[in-house]
Amino acid sequence: MDYAKFEVKSVFKSSVQSGIIDFCVSEGNLYFADSNRDIYFVDENTREAVKFLDGAARLYSASSEGVYYQKSAGYPLRLYLGNLKGNSVDIAGGVVVS
């Protein structure tokens, strides 16, 4: 996709029928989670989908620090911050607007 000209370009093909379950845009980059529990991002310059991290039940938002996500549907109050290297930490407090 082209943000300025509204040109459509396919950047990801899901391997499962249910496909993408969550997405958000942060600082010009597109982040999305597929139903295989993987999070990807698409840089606005390269327009290629790159796996960001795996093990996400829900993607809430993204920032310059990483993505805020939930690992399991059974723990809705537990929030994690993950980065491109695959590292993640529990978030002890704060507010995330999704």
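Note: the structure precedes this text.
Residues numbered from 1 in each chain as written. Predicted model: local features only at pLDDT ≥ 70, side-chain atom pairs only at ≥ 80, totals over all residues. Heavy atoms only, no water.

Asks: Summarise the sheet that holds strand 7 (residues 80–82); cite the residues concerned and give the values.
Replies: Whenever strands of a sheet pair, they do so through backbone hydrogen bonds, lying parallel or antiparallel. Here we have four strands laid out as an open sheet, ordered 5-6-7-8, and antiparallel in their pairing. A strand with exactly one partner marks an edge of an open sheet, and here the two such strands are strand 5 (58–63) and strand 8 (88–90). Looking at each pair of strands side by side, their axes are set apart by 25 degrees on average, direction ignored. Sheet topology note: the strand 6 (residues 66–70)/strand 7 ladder contains three bridges and is antiparallel. From the neighbouring strand, Y68 faces strand 7, where its bridge partner is L81. (Pairing = 2+ DSSP bridges. Helix = DSSP H or I, 4+ residues; strand = E, 2+ residues; numbered from the N terminus. Axes fitted to C-alpha atoms, helices over the stretch in contact; angles between N-to-C directions.)

Asks: Before we move on, can you summarise the sheet that holds strand 4 (residues 49–54) with the specific residues and values?
Replies: Across the sheet, four strands lie side by side as 1-2-3-4; this open sheet has antiparallel pairing. The open sheet is flanked by strand 1 (20–26) and strand 4, the only strands paired with a single partner. Taken over all neighbouring pairs, the strand axes of this sheet differ in orientation by 25 degrees on average, direction set aside.

Asks: Explain the pattern of salt bridges residue by residue, including any values.
Replies: By the definition in use, this model includes two salt bridges. Note that R58 and D22 form a salt bridge whose closest N and O atoms lie 3.3 Å from each other. Separated by 36 residues along the polypeptide, R58 in strand 5 and D22 in strand 1 bring together distant segments of the chain. Linking D38 and K51 is a salt bridge whose minimum nitrogen-to-oxygen distance equals 3.6 Å. Remark: K51 occurs in strand 4 and D38 occurs in strand 3 (residues 38–42); sequence separation between them is 13 residues. Judged by relative accessible area, D38 falls into the buried class, the value being 11%. For K51, a relative accessible area of 44% translates into the label partly exposed. (Salt bridge = Lys/Arg side-chain N within 4 Å of Asp/Glu carboxyl O. Buried < 20%, exposed > 50% of the residue type's maximum accessible area, 1.4 Å probe, protein only.)

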